[in-house]
Amino acid sequence: MGQGVLSPAAPVGATAEERAALLEDAGLVRHGGALVLDGIPLAEIAATVGTPTYVYSAAVIRRRYAELDAALAPVPHRIAFAVKANSSRAVLRVFRDLGAGADIVSGGEMRRALMAGFPADRIVFSGVGKTDAELDDAVAAGVGHVHLESTTELDSLAAAAARHRRTVRVGIRVNPDITADTHPYISTGQGGIKFGVPFDQVLPLAREVAQNEWLELDTIAMHLGSQLLQSAPYQKGVARLLDLVAELERAGIDSVTALDIGGGLGIRYRSETPLAPADLARVVLPQLAASGKTVVMEPGRYLAGPAGVLLTTVLARKHSGGKEFVIVDAGMNDLVRPSHYQAYHDIVEVEESGRPQHTVDVVGPVCETGDFLALDRPLPVVEGGEHLAVLGAGAYGFVMSSNYNSRPRAAEVMVDGGSYTIARRRETFDDLIRGEE
Ligand code: LLP
C-alpha cells in the first residue's frame, strides 16, 4: 500500500508541516486568512462562479513540468501528459505550449488533444482496448505513436495503416511483471492483469510488426502503476525493458529508438514523501543513457494533481450517532477518489476562521453512505455558506465525475498570470437530458 493516500480513510489530518507543504505544492498562500492562488482569492472564484468548482493553476503545472523536464535533461527525452488525469482543454493547452506530448487512451481524448492544438505526431495512443474505428481515426489523424497491447490490435492497426497508405510508428506495451506498492486498483505492472503484453509474447508480436510494410516498431513501453513513491520498481522495469530490447536486437529487430517508462510518479496528498523526478532520474538515467535510447514518460498525476483544488460550500451540519457531519455541495459524483480508493484529500478553509477544531466526516449530498470526501477529519467548526477547498484534486478529479443523482457536473476554472477564466461552465439541467427522448 502506498503510504497514507490510498490506505483506508485516515483518522487524522495533516500536521502543520504537512499542510504547509501541501499548500506550497498547490501554489496556495494565506493572505490574512484568505486562501489565495496566483493573486486570486479562492473566495472570489467561489462567489462569482459558484460551487462545486475545480480550480487549476497554470503556474503550478508549468513548475512541475519544468522540474521533470530538467531531471530528464541529461538524456534525449519526451514527456507526454496523460490526458486521462485531466482532459480539460484549458489544461491541455498549457501542456501544448510547454512542448509536451499527449498520452491518450480513447478517440475522445484524441479529439480533445487535437482540438487543444497538440501536433498529431506528439500524440501517443495507449490503452488496453482500442476499437477499429479509434485506430482508423488515429491513423487518419497521423497520431505519432500507437502502443499495442495485443495481436488482435496489431491486425486492426495494420489494416488501418494499409487503408490509409500511411506508415505508423508502433510501440509495444510490455507487462514487466513487477508489483508496485500502491492501491491494487491502480497497480498495472504485475502479471495476471489485463495490461501489457507478457514478456514471452513480445518477440513474436515484434516480428509481426517488423514484417508489416506499414508499421515501424520504435518504442518498448511499460507502465507500472500510479501514485508510486519508490524508484526501485522503475529501476527493475527499465532493466527488464533493456533486456527485452537486447533480445529483439539479437533477433534482428533493431528499430527500437525509444523506451517509454510510463507515468506513475506519486504526489503528496498528506504525509507521503513524493518521488522527486531528480531522485528517479538518479536511479534510472545511468542505465538509460548507456542504451542511447530516447526516454519517454507519460505522467498524469505528478503534473496535474497538485495543480487543482475543488471548491465546495458547506450546506449544513449534523450531529448523529455520536458523530459530527459537515454536509457540503460536492459529492462522490464530483470527486470519487475518497470513496472509490479511500484516498485522503486534505481539506482546508477558504477563509481561515480561527475557530476550534473538531473531528467530522465531510460528506456530499449523494444518496449513498459511501459519499464522503473525508472521514474522522479534524476541521475547524464551519458554518453553512462557508467555503472549503479540497486539495490535490487536479488529477483524476473532474475527469472521473459523473451525473449520478442527476447532479450537473462542476465548473472548471483556470488561473493563469493573476487572472482567471472559466474553462468549463457548470452543467445545466438541459445538459443532463441532452440526447434523451
Ligand atoms: N500511462 C498509462 C498507460 C496509464 O495507464 C496511466 C494511468 C498513466 C500513464 C498515468 O499515470 P499517472 O502518472 O497519473 O500515475 N484514477 C486513479 C488513477 C488511475 C491511473 C490509470 N493509469 C486515481 O484516481 O488514483
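A quick note: this is a predicted structure, and the numbers were derived from the prediction, not measured.

Conventions and cut-offs
Residues numbered from 1 in each chain as written. Predicted model: local features only at pLDDT ≥ 70, side-chain atom pairs only at ≥ 80, totals over all residues. Heavy atoms only, no water. Buried < 20%, exposed > 50% of the residue type's maximum accessible area, 1.4 Å probe, protein only. Helix = DSSP H or I, 4+ residues; strand = E, 2+ residues; numbered from the N terminus. Phe/Tyr/Trp six-rings, centres within 6.5 Å; stacked < 30°, edge-to-face > 60°. Lys NZ or Arg CZ within 6 Å of the ring centre and 35° of its normal. Near = heavy atom within 4 Å. Polar contact = N/O pair within 3.5 Å; in protein donor to acceptor, adjacent residues only side chain to side chain. Areas by Shrake-Rupley, 256 points an atom, 1.4 Å probe, with all protein chains shown as cover. Nonpolar A, V, L, I, M, F, W, Y, C, P; charged D, E, K, R; others polar. Pairing = 2+ DSSP bridges. 1 Å grid on protein atoms, 1.4 Å probe; cavity = no way out; pocket = protein on both sides within 12 Å on 5 of 7 lines; lining within 4 Å. Points joined across faces, edges and corners; volume = space filled by probe spheres on them. Axes fitted to C-alpha atoms, helices over the stretch in contact; angles between N-to-C directions. Parallel < 35°, antiparallel > 145°, perpendicular 65-115°, else oblique. Contact = heavy atoms within 4.5 Å. Domains from an automatic or database assignment. Buried area = accessible area lost by both parts, 1.4 Å probe. Salt bridge = Lys/Arg side-chain N within 4 Å of Asp/Glu carboxyl O.

Caption draft 1: Spatial organisation of helix H6 (residues 132-141). Inspection of H6 places Glu-134, Leu-135, Asp-136, Ala-138 and Val-139 among the buried residues, and these make up the whole buried set. In the stretch just after H6, Gly-142 is the one whose phi turns positive, near 80 degrees.

Caption draft 2: How the structure looks around the packing of aromatic side chains. Using the criterion set out here, one finds 3 aromatic pairs in the structure. Considering the side-chain rings of Tyr-54 and Phe-398, the 6.1 Å spacing of their centres and the 90 degrees angle between planes classify their relative orientation as edge-to-face. One end of the pair, Tyr-54, is in strand S4 (residues 53-57); the other, Phe-398, is in the loop between strand S19 (387-390) and strand S20 (411-416), with 344 residues separating them in the sequence. Both rings, one in Phe-81 and one in Phe-95, keep their centres 4.0 Å apart while their planes meet at 10 degrees; by these two values the pair is stacked. In this pair, Phe-81 sits in strand S5 (residues 77-82) while Phe-95 sits in helix H4 (residues 89-98), placing the two residues 14 residues apart along the sequence. You can call Phe-81 buried: its relative accessible area is 0%. Three or more aromatic residues link up through ring pairs in this structure, and these residues are Tyr-54, Tyr-56 and Phe-398. We note Arg-64 situated over the ring of Tyr-302; from NZ or CZ to the ring centre the distance is 4.3 Å. Positioned above the aromatic ring of Tyr-344, the side-chain terminus of Arg-270 is 4.6 Å from the ring centre.

Caption draft 3: Structural detail: unusual backbone geometry. The omega angle of the peptide bond from Thr-51 to Pro-52 is -5 degrees, so this bond is cis rather than trans. Following the sequence through the fold, Pro-52 ends up in the loop between helix H2 (42-49) and S4. Phi is positive for Asp-177, which is not a glycine, with a value near 55 degrees. Position of Asp-177 relative to the elements: it lies in the loop between strand S9 (168-175) and strand S10 (197-198).

Caption draft 4: The arrangement of the site of the ligand in detail. Taken together, 17 residues sit near the ligand, with Ser-226, Gly-264, Glu-298, Arg-337 and Tyr-396 positioned nearest. Between the ligand and Arg-301, the relevant distance is 2.8 Å, taken from an oxygen atom to a side-chain nitrogen or oxygen of the residue. One nitrogen or oxygen atom from the side chain of Arg-337 is found 2.6 Å from an oxygen atom belonging to the ligand. When the ligand is considered free in solution it has 590 Å² of accessible area, and contact with the protein chains removes 92% of it. Its residues placed into classes, the shell around the ligand shows 6 nonpolar, 5 polar and 6 charged.

Caption draft 5: Spatial organisation of the sheet that holds strand S1 (residues 28-31). Judged by pairing direction, the sheet is antiparallel, and its 3 strands sit side by side in the order S1-S2-S3 without closing on themselves. Looking at the sheet topology across the chains shown, the edges are occupied by S1 and strand S3 (40-41). Across 2 bridges, the pairing between strand S2 (residues 34-37) and S3 is antiparallel. Looking at S3, one finds that Leu-37 is bridged to Ile-40.

Caption draft 6: Layout of the environment of Ile-433. If you trace the backbone, Ile-433 turns up in helix H13 (residues 429-433). Here the alpha-carbon distance between Ile-433 and Ser-406, two residues 27 residues apart in the chain, equals 9.2 Å.

Caption draft 7: Representation of the layout of surface pockets. Quantified by volume, the second largest pocket comes out at close to 310 Å³. Every residue lining the second largest pocket is counted, 14 residues in all, and those nearest its centre are Ser-87, Ser-88, Arg-89, Arg-112 and Arg-424. Looking at the lining of the second largest pocket residue by residue, the class counts come to 5 nonpolar, 2 polar and 7 charged.

Caption draft 8: Examining the pairing of S5 more closely. Where S5 lies against strand S13 (residues 294-297), 3 bridges are found, and the strand directions are parallel. Paired with His-77 across the two strands is Val-295, which belongs to S13. Pairing of S5 with strand S6 (residues 101-104), which is carried by 3 bridges, proceeds in the parallel orientation. When the bridges of S6 are listed, Phe-81 appears paired with Ala-102.

Caption draft 9: Broad picture of the packing of helix H7 (residues 151-164) against helix H8 (residues 199-211). Packing of H7 against H8 brings their axes to within 11 Å, and their N-to-C directions diverge by 5 degrees. Taken together, the axes of H7 and H8 are roughly parallel relative to one another. Seen from H7, the contacting residues are Thr-151, Leu-154 and Asp-155; seen from H8, they are Leu-205, Glu-208 and Val-209. Residue composition of the contact of H7 with H8, grouped by class: 3 nonpolar, 1 polar and 2 charged.

Caption draft 10: View of the domain arrangement of the protein. Per the domain assignment, the segments making up the protein are domain 1 (16-57 + 305-433) and domain 2 (126-297). In this assembly, 15 residues from domain 1 lie in contact with 9 residues from domain 2. The largest share of the area that domain 1 buries against domain 2 comes from Glu-18, Tyr-341 and Tyr-344, three residues that together contribute 42% of it. Joining domain 1 to domain 2, the criterion identifies 1 salt bridge.

Caption draft 11: Focus on empty space enclosed by the protein. Scanning all chains against the criterion turns up 2 cavities of 30 Å³ or more. By volume, the largest cavity is sized at about 60 Å³. Forming the boundary of the largest cavity are Leu-22, Asp-25, Ala-26, Arg-268, Tyr-269, Pro-306, Tyr-344, His-345, Asp-346, Leu-391 and Gly-392. Its residues assigned to classes, the lining of the largest cavity shows 6 nonpolar, 2 polar and 3 charged.

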